[in-house]
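Structural overview for review
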There are 2 protein chains.
Amino acid sequence: MSKAQPGDELVFLPLGGSGEIGMNLNAYGYGPPDTRKWIIVDIGVTFGREEMAPGVEIVLPDPQYLEEERDNIIAIVLTHAHEDHIGALAWLWPRLKAPVYATPFTAALVREKLRERGLLEKVPLTVIPLKGQLTLGPFEIDFVTLTHSIPEPNGLAIRTPLGLVWHTGDWKIDPDPLIGETTDEAKLRAMAEEGVLAMVCDSTNVFVEGSTGSEAEVRERLTQVIARCTGRVAVTAFASNVARVETALQAARAVGRTPCLVGRSMHRIVAAAKGVGLLQDAPETIDEEEAGGLAPEHVLYLCTGSQGEARAALSRIARNEHRNVTLKEGDTVIFSSRVIPGNEVAIHQLYNQFLEKGVALITADEEHFIHVSGHPARDELRQMYAWARPKIAVPVHGERRHLLEHVRLAQELQIPEAIAPNNGDMIRLAPGPAKVIDEVPAGRLYVDGGVMIEAEDEALRDRKRLGEEGAINVSFAIGGKKNGIVAGPNISVRGLSMADDEEFEIAIDDLERAAEAAFSKLNHSDRKDDDQVEAAVVRGVRKAAEKLFGKRPLVDVSVLRI
Amino acid sequence: MSKAQPGDELVFLPLGGSGEIGMNLNAYGYGPPDTRKWIIVDIGVTFGREEMAPGVEIVLPDPQYLEEERDNIIAIVLTHAHEDHIGALAWLWPRLKAPVYATPFTAALVREKLRERGLLEKVPLTVIPLKGQLTLGPFEIDFVTLTHSIPEPNGLAIRTPLGLVWHTGDWKIDPDPLIGETTDEAKLRAMAEEGVLAMVCDSTNVFVEGSTGSEAEVRERLTQVIARCTGRVAVTAFASNVARVETALQAARAVGRTPCLVGRSMHRIVAAAKGVGLLQDAPETIDEEEAGGLAPEHVLYLCTGSQGEARAALSRIARNEHRNVTLKEGDTVIFSSRVIPGNEVAIHQLYNQFLEKGVALITADEEHFIHVSGHPARDELRQMYAWARPKIAVPVHGERRHLLEHVRLAQELQIPEAIAPNNGDMIRLAPGPAKVIDEVPAGRLYVDGGVMIEAEDEALRDRKRLGEEGAINVSFAIGGKKNGIVAGPNISVRGLSMADDEEFEIAIDDLERAAEAAFSKLNHSDRKDDDQVEAAVVRGVRKAAEKLFGKRPLVDVSVLRI
């Protein structure tokens with residue numbers, strides 16, 4: 001490694017995930033401010049449902065700042081394959097165009113995403129072995145094996161001439177992860193010996209005392225729970241937790257049931273896992289139609305939809321809308337999952353629907369260890385600080401309250417410095433004490449109807465208003481020497497109602513008169529100007545609408561010149 | 001009491017609250033099926049936010065069935081003053097027109113609601129003393145004092161010639177409720193001696209083991225917690241919990257702070273409480289401006305907004321938008337409240353905003369007994385069944401999962417019959433075993449822009465679509481012998497966007513061409529028919545829009561004839 005030059009700085013810049021859970025996008029910069037080289041670590045999404053943006057499919061971090069720095073970006077390095085870490089790659093890569101590095105399982109899922117967006121041939125994707133190394137300009141990176149709720153979770157030891165940054169990615173300490181190796185403790189101790197300048201660390205479970213528990217405990221418990229079920233059993237879990245999927249498959253075998261995967265992402269992930277050599281000993285699955293022919297006590301469904309997603313398998317089964325899978329009295333649904341905040345109402349609706357059918361439910365609320373989290377609880381965080389002993393704690397991957405609590409924990413643990421970043425804060429990690437030296441734009445982008453737009457786009461503001469307040473459309477034709485109304489006004493009212501149809505008809509007449517009155521007040525020269533006409537009629541109609549409907553609809557006026 | 005005649009039946013009909021928490025509306029009918037007399041017990045609302053219906057203010061049970069039975073309705077009896085029990089009265093009374101009965105505090109709040117809707121002079125409202133009695137046709141009703149999270153919670157012992165129904169309303173067993181008397185245990189035991197045919201009972205906390213705890217414990221704990229705060233303190237709680245409000249006021253005095261009420265409903269409820277003789281010994285409050293002049297350690301704010309409601313006091317303070325109240329580093333917000341499911345995200349946002357300012361938060365998660373629930377946990381339910389010993393258990397006031405669990409609990413407790421109703425189920429309680437004998441319409445009404453409409457109203461479906469998919473408006477003028485386009489088409493696109501403005505312009509041109517093409521395909525006679533023209537252009541434009549924007553917008557076409 002070359003030596004630091006005078007003027008060199010090492011900076012950390014989060015553009016997603018620092019202030020929210022999900023949508024992780026982090027960048028590290030090295031060099032003098034005007035010629036900094038960058039690496040990007042992870043590039044993920046959140047979903048519109050979670051953002052509560054109706055109609056929006058995907059939420060992405062806005063990479064505007066990095067786009068301007070494109071020529072200086074050396075690489076995009078991915079820690080693991082969760083959507084909130086890789087989901088934005090195929091969307092944002094055309095703006096960033098840097099080579100991509102990932103371990104085999106992550107690369108397999110990334111490749112599929114790139115293929116879907118027609119980018120497979122364009123994106124240089126290098127597969128790094130587990131525990132591999134990379135040299136990227138001033139950055140030397142070691143992939144460090146950790147444990148999490150997906151295969152191949154890697155932390156990154158990022159060496160620079162100004163010190164080593166330990167970027168944990170998502171992790172927990174699972175003494176028996178079932179798939180993959182345990183936490184590479186030796187490596188962490190060695191890093192500490194070398195000296196860790198900063199640890200950029202997962203904050204998701206900072207409010208949870210103790211430890212999260214192991215996938216091995218889940219395997220034992222889930223098998224017991226399934227063993228005592230009598231009718232059909234449906235287990236729901238995140239498909240990306242391949243160890244959990246394997247648990248369900250093996251539990252099925254242990255109790256004499258044949259497993260059947262239900263839901264697109266189950267099939268997708270299982271295929272990806274098999275492609276990298278996982279799930280080799282798992283029992284064969286059968287298809288939905290075949291499973292439907294088995295006696296209830298001989299089938300185990302493994303379903304998507306643990307969060308009550310309306311289109312996922314489990315919700316469709318609950319609504320009796322699934323083509324091949326039906327659950328009834330005597331059957332059981334096992335939620336090997338947690339309730340992600342914001343999804344409570346949807347999940348409770350699912351519970352109500354199943355219970356109404358007489359389907360029994362088993363959730364982690366009553367049965368401990370049918371689910372464990374993939375993120376470190378406080379004792380695990382303490383252990384990680386004990387191992388890494390960083391000079392600076394930089395909590396990421398959390399809402400503001402998580403990051404601030406993580407700072408407090410780091411202070412308790414005598415970490416010399418701790419700084420909770422906001423998305424867009426450029427933090428100088430060295431030289432000198434950690435400090436925010438700049439704030440760069442850090443907005444959001446939305447994928448809406450397959451089109452990527454800014455979260456501040458007027459269209460989205462209009463949609464919010466349309467959804468809450470409705471719309472009124474007015475059109476009329478103007479003609480003749482005096483520019484009078486020669487046809488119309490036509491009025492169309494959408495999303496507004498009255499208790500009584502007759503009243504509604506009268507209201508439409510009132511709106512018509514309001515439009516005419518607003519027009520008639522315009523002088524001769526204003527009538528020649530479409531903008532003037534539209535503005536006056538919008539004002540008049542909106543005012544009348546507010547009175548009539550108690551709402552503030554979007555009013556659109558169209559003037560046709562004859 | 002007269003004797004039962006052959007053919008008499010006693011029925012229970014819930015139209016709200018059986019399948020959801022909130023929006024309670026229950027009816028009891030007595031007599032032969034064709035001349036049944038009815039009493040209504042409670043008539044409440046839910047809020048549009050909870051229903052996730054954008055723009056909708058209030059959600060009401062649809063009283064259609066009872067409206068048809070209007071001439072046979074003897075009375076509307078209110079158990080207590082929570083919005084989910086009285087909030088629909090002023091909206092639905094004009095459809096039902098029955099006299100109303102309530103105890104003093106409830107009557108005070110009802111009067112205010114009636115005044116707002118201009119109904120005060122029209123609605124016959126009789127104030128019943130606590131522990132009062134009422135004879136209403138075949139029904140003899142005793143108001144039975146219980147404990148809950150509001151003053152004057154009453155259960156109703158409803159005697160009929162076919163037996164006594166014990167309608168609990170909302171309750172808990174609070175050994176020291178601070179305001180009002182404790183549970184009238186003697187009365188409950190006496191009822192059991194007499195024989196309870198059916199108990200219609202609160203199910204809210206059926207999944208909570210143990211007991212809920214007492215308001216007295218909250219007073220002690222909250223006072224201790226406030227005592228150790230240094231800067232400004234803001235306590236947030238439901239205003240209707242007058243005992244809790246009194247606790248905050250007295251705690252303020254105990255620690256040398258002057259209390260200040262913030263938020264409209266705090267003022268409203270405190271005034272109502274004082275009007276019925278409550279809060280007489282509570283310290284005087286000062287107004288917001290005066291409080292702003294006090295040293296931080298001398299003020300205690302009591303705020304609305306514990307559920308993260310965007311317009312309530314606490315959210316406005318968090319966003320720095322409150323005119324008179326500011327909280328900063330060193331100040332503390334105490335949540336003397338629980339998180340109602342569905343509000344998690346809004347409340348967490350509030351936490352993030354305060355923590356970002358350095359304001360400390362204290363919630364019931366960390367500090368037990370700064371809040372207790374007003375609904376019975378399982379031990380309290382067991383106690384109530386032990387007291388009342390009903391023949392039939394009828395769980396209400398809960399989602400489906402609560403009611404079904406409550407049935408299981410009743411079965412465990414050896415209650416001979418248990419039946420979980422759905423809204424609209426007419427249940428015959430006597431003679432014979434409890435049984436659903438009819439299903440009547442049980443929809444919802446929405447108050448939207450101050451107008452009451454049906455939940456199935458097309459306007460609301462349109463709004464959902466507008467909010468998710470946007471709108472396209474097309475207008476053009478047709479004229480001449482051949483009915484050709486003489487002006488337009490004008491295209492307006494709302495709520496749809498593209499990454500690039502130029503592309504967007506091109507898309508508008510494409511839509512224009514699609515409209516023209518659709519029109520040009522019509523034959524001469526179809527062009528004379530506005531409906532034909534509109535339908536064809538809507539189809540053409542919608543198809544083009546789906547291709548261009550990946551969305552299915554509402555398309556409105558306006559044809560002007562010249």
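Residues numbered from 1 in each chain as written. Chains lettered and ligands numbered in written order. Predicted model: local features only at pLDDT ≥ 70, side-chain atom pairs only at ≥ 80, totals over all residues. Heavy atoms only, no water.

**Notes on the overall build of chain A**
As a reminder of what qualifies: Secondary structure elements are defined from DSSP: runs of H or I of at least 4 residues count as helices, runs of E of at least 2 residues count as strands, and each element is numbered from the N terminus. By definition in these notes, contact holds between two residues if any of their heavy atoms fall within 4.5 Å. Neither His nor the chain termini are counted; the positive set is Lys and Arg, and the negative set is Asp and Glu. In this description, the location of a charge corresponds to atom NZ of lysine, CZ of arginine, CG of aspartate or CD of glutamate.
The number of helices and strands found in chain A is 18 helices and 29 strands. Judged by the C-alpha coordinates and their principal axes, chain A covers about 90 × 75 × 45 Å. Taking all contacts inside chain A whose residues are at least 6 apart in sequence as the whole, residues at least 24 apart take part in 72%. Computed over 62 positive and 84 negative side-chain charges, the separation of the two mean positions in chain A equals 3 Å.

**Comments concerning the environment of K551 of chain B**
Selection rule: Whenever a nitrogen or oxygen atom comes within 3.5 Å of another N or O atom, the pair is scored as a polar contact, on the condition that within protein one atom can donate a hydrogen and the other can accept it, and that pairs from neighbouring residues in sequence are kept only if both atoms are in side chains.
Its location among the elements puts K551 of chain B in the loop between α18 (530-549) and β29 (554-561). Along the chain, K551 of chain B and T35 of chain B lie 516 residues apart, while their C-alpha atoms are 54 Å from each other. Those residues within four positions of K551 of chain B in sequence are excluded, and the remaining contacts are G55, E57, D448, G449 and R463 of chain A together with E468, E469, L496, A545 and E546 of chain B. Polar contacts involving the side chain of K551 of chain B include one to the main-chain carbonyl oxygen of G55 of chain A, which spans 2.8 Å.

**Some thoughts on the confidence of the model for chain A**
What counts is decided by this rule: Every residue is assigned a pLDDT by the predictor, reflecting its confidence on a scale from 0 to 100.
The predicted model of chain A averages 95 in pLDDT, with 100% of residues at 70 or higher. On the interface metric, ipTM, the complex scores 0.89, and its pTM is 0.92.

**Here we look at the sheet that holds strand β18 (residues 332-335) of chain B**
Residue and element names in this part refer to chain B. Using the following cut-off: Should DSSP find at least two bridges between two strands, the strands are taken to pair. Angles here are taken between N-to-C directions and fall from 0 to 180 degrees, while the axes themselves are lines fitted to C-alpha atoms, restricted in helices to the stretch in contact.
The 5 strands lie next to each other as β16-β17-β15-β18-β19, forming an open sheet whose pairing is parallel. Only two strands of the sheet have a single partner each, and these edge strands are β16 (258-262) and β19 (360-362). Across this sheet, the average inter-strand angle for adjacent strands is 20 degrees, counted without regard to direction. Against the sheet, helix α9 (residues 264-275) touches β16 and β17 (299-303), its axis set at about 110 degrees to β16.

**Regarding the relation of the copies chain B and chain A**
This is how it is decided: Superposing the copies works by least squares over the C-alpha atoms of residues that have pLDDT at least 70 in both of them.
Take chain B, turn it by 180 degrees, move it 0.1 Å along the axis, and it overlays chain A with an RMSD of 0.1 Å. What the rotation and shift describe, once combined, is the action of a two-fold rotation axis. Identified as the residue of chain B closest to the rotation axis by C-alpha distance is G467 of chain B, at 2.0 Å. When the interface residues of chain B are mapped onto chain A, 100% of them again lie at the interface, so the same face is used by both copies.

**Comments concerning the packing of aromatic side chains**
We describe a pair of aromatic rings using the distance from one ring centre to the other and the angle between the two ring planes. Short version of the rule: A pair of Phe, Tyr and Trp rings is counted when the ring centres sit within 6.5 Å of each other, with Trp represented by its six-membered ring. The angle between the planes then sorts it: under 30 degrees is stacked, over 60 is edge-to-face, the rest tilted. For the exposure calls, accessible area comes from a 1.4 Å probe over protein chains only, and a residue counts as buried if that area is under 20% of its type's maximum, exposed if over 50%, partly exposed in between. Sitting over a ring, as applied to charges here, requires NZ of Lys or CZ of Arg to be within 6 Å of the ring centre and within 35 degrees of the ring normal.
Here the structure, examined in full by the defined rule, presents 10 aromatic pairs over all chains. With 6.1 Å between their ring centres and 70 degrees between their planes, F504 of chain A and F549 of chain A make a pair best called edge-to-face. Within this pair, whereas F504 of chain A is found in helix α16 (residues 501-520), its partner F549 of chain A is found in helix α18 (residues 530-549), the two being separated by 45 residues in sequence. A residue is classified by how much of its surface remains accessible, and F549 of chain A, at 1% relative accessible area, is buried. Aromatic pair F476 of chain B and F519 of chain B: ring centres 5.7 Å apart, planes at 70 degrees, arrangement edge-to-face. Residue F476 of chain B is located in strand β27 (residues 471-479), and its partner F519 of chain B is located in helix α16 (residues 501-520); the two are separated by 43 residues in the primary sequence. Note that R117 of chain A overlies the ring of W91 of chain A, its terminal NZ or CZ placed 3.5 Å from the centroid.

**Description of helix α15 (residues 458-469) of chain B**
Residues and elements named next belong to chain B. Filter applied, for reference: To estimate the expected span of a helix, subtract one from its residue number and multiply by 1.5 Å.
Its 12 residues place the ends of α15 16 Å apart at the C-alpha level, agreeing with the 16 Å of an ideal helix rising 1.5 Å per residue. The set of residues buried in α15 consists of A459, L460, D462, R463, L466, G467 and E469. The residue sitting at the N-terminus of α15 and contributing the capping side-chain oxygen is D457; that oxygen lies 2.8 Å from the backbone nitrogen of A459. Following α15 by one or two positions, G470 adopts a phi angle in the positive range, close to 80 degrees.

**Observations concerning the pairing of strand β15 (residues 233-236) of chain B**
For a regular strand, side chains alternate in direction, first toward one face of the sheet and then toward the other. Residue and element names in this part refer to chain B. Of the two faces of β15, the one lined by V233 and V235 and the one lined by A234 and T236 are each fully buried. Note that β15 and β17 share 4 bridges and pair parallel. The residue bridging V233 from the neighbouring strand is L300, located in β17. Note that β15 and β18 share 4 bridges and pair parallel. Its bridge partner lying in β18, A234 is registered against V333.

**Here's the deal with the packing of helix α7 (residues 215-227) of chain A against helix α8 (residues 242-254) of chain A**
Helices that pack against each other are described as a pair by the angle of their axes relative to one another and the distance between those axes. Residues and elements named next belong to chain A. Which entries qualify depends on this criterion: Handedness of a crossing is defined here by the sense of rotation of the near helix relative to the far one, left-handed for an anticlockwise turn of less than a right angle and right-handed for a clockwise turn. Side-chain classes follow a simple rule in which Ala, Val, Leu, Ile, Met, Phe, Trp, Tyr, Cys and Pro form the nonpolar group, Asp, Glu, Lys and Arg form the charged group, and the remainder, Gly included, forms the polar group.
Direction vectors running N to C along α7 and α8 enclose 35 degrees, while the axes themselves pass 9 Å from each other. Regarding α7 and α8, the two cross each other, and that crossing is right-handed. On α8, the residues that touch E215, V218, R219, L222, T223 and I226 of α7 are A243, R244, E246, T247, Q250, A251 and A254. Tallied by class, residues from the contact of α7 with α8 come to 6 nonpolar, 3 polar and 4 charged.

**Brief notes about a negative patch on the surface**
This is how it is decided: Patch membership is restricted to residues that have no salt bridge and whose relative accessible area is over 30%. Joining uses 9 Å for like charges and 5 Å for the nonpolar side chains Val, Leu, Ile, Met, Phe, Trp and Tyr. Each accessible area value is a Shrake-Rupley result obtained with a 1.4 Å probe; residue values ignore everything except the protein chains displayed when judging cover. Take a side-chain nitrogen of Lys or Arg and a carboxyl oxygen of Asp or Glu: if they are within 4 Å of each other, that pair is a salt bridge.
Where like charges cluster on the molecular surface, the negative patch consists of D500, D501, E502, E503, E505 and D509 of chain A. Mapped onto the fold, D500 of chain A is located in the loop between β28 (484-494) and α16.

**Details of the environment of G432 of chain B**
Residue and element names in this part refer to chain B. Mapped onto the secondary structure, G432 falls in the loop between β23 (425-430) and β24 (435-439). For G432, a relative accessible area of 41% gives the class partly exposed. Along the sequence, G432 and R221 sit 211 residues apart, while their C-alpha atoms lie 50 Å from each other.

**Digging into the side chain of K113 of chain B**
Positionally, K113 of chain B belongs in helix α5 (residues 104-116). The buried category is assigned to K113 of chain B, whose relative accessible area is 17%.

**Structural notes on a nonpolar patch on the surface**
On the surface, a nonpolar cluster with roughly 320 Å² of combined accessible area is contributed by V486 and I562 of chain A together with V486 and I562 of chain B. Here I562 of chain B is to be found in the segment after β29.

**Regarding the interface of chain B and chain A**
We apply this condition: A 1.4 Å probe defines the accessible area here, and the buried area is the portion of it lost by two parts on being joined, summed over both.
Each side of the interface is counted separately: chain B has 59 residues, and chain A has 59 residues. Regarding the contact of chain B and chain A, the summed buried area is about 4,700 Å², with carbon and sulfur atoms giving 55% of it. Of all residues in chain B, R401, R494 and L560 of chain B give up the largest surface area on contact with chain A, accounting jointly for 13% of the area buried on that side. One can count 8 salt bridges joining chain B with chain A. Residue E356 of chain A pairs with R400 of chain B through a salt bridge whose shortest N-O separation is 2.1 Å. On the surface where chain B and chain A come into contact, there are 37 residue pairs in polar contact (both at pLDDT 80 or more). Sorting the residues of the side of chain B that touches chain A by element identifies α12 (344-356), α14 (400-412), β26 (451-454), α15, β27, β28 (484-494) and β29 of chain B as the ones contributing at least two each. When its residues are assigned to classes, the side of chain B that touches chain A shows 26 nonpolar, 17 polar and 16 charged.

**Examining the pairing of strand β13 (residues 163-167) of chain A**
All names here are of chain A. With 4 of 5 residues buried, β13 is to be regarded as a mostly interior element. Bridge count between strand β12 (residues 154-160) and β13: 5 bridges; the pairing is antiparallel. Considered in β13, the bridge of A157 is made with W166. Taking the residues that link successive antiparallel strands as the turn, the β12-β13 hairpin has 2 residues.

**Considering the side chain of H322 of chain B**
All names here are of chain B. Examined against the element boundaries, H322 turns out to sit in the loop between α11 (313-318) and β18. We classify H322 as buried; its relative accessible area is 10%. At a separation of 3.2 Å, a polar atom in the side chain of H322 contacts the main-chain amide nitrogen of N324. Beyond its immediate stretch of four places on either side in the chain, H322 contacts V262, E288, A313, R316 and I317.

**Comments concerning the sheet that holds β26 of chain B**
What links the strands of a sheet is backbone hydrogen bonding, and the strands pair in either a parallel or an antiparallel sense. All names here are of chain B. Read from one edge of the open sheet, 4 strands run β5-β6-β25-β26, paired in antiparallel fashion. With partners counted over all chains shown, the strands left at the sheet margins are β5 (46-47) and β26, one partner each. Pairing of strand β25 (residues 444-448) with β26, which is carried by 4 bridges, proceeds in the antiparallel orientation. Among the inter-strand pairings, V447 is bridged to a residue of β26, identified as M452.

**A closer look at unusual backbone geometry**
Residues and elements named next belong to chain B. Each neighbour pair has its own omega, and for A430 with P431 the value is -5 degrees, a cis peptide bond. As for its placement among the helices and strands, P431 is situated in the loop between β23 and β24. The peptide bond linking G488 to P489 adopts the cis configuration, its omega dihedral lying at 0 degrees. By the secondary structure assignment, P489 is in strand β28. Backbone geometry places K97, a non-glycine residue, at a positive phi of 55 degrees. By the secondary structure assignment, K97 is in the loop between α4 (89-96) and β8 (100-102). Phi is positive for Q414, which is not a glycine, with a value near 65 degrees. Structurally, Q414 can be placed in the loop between α14 and β22 (417-418).

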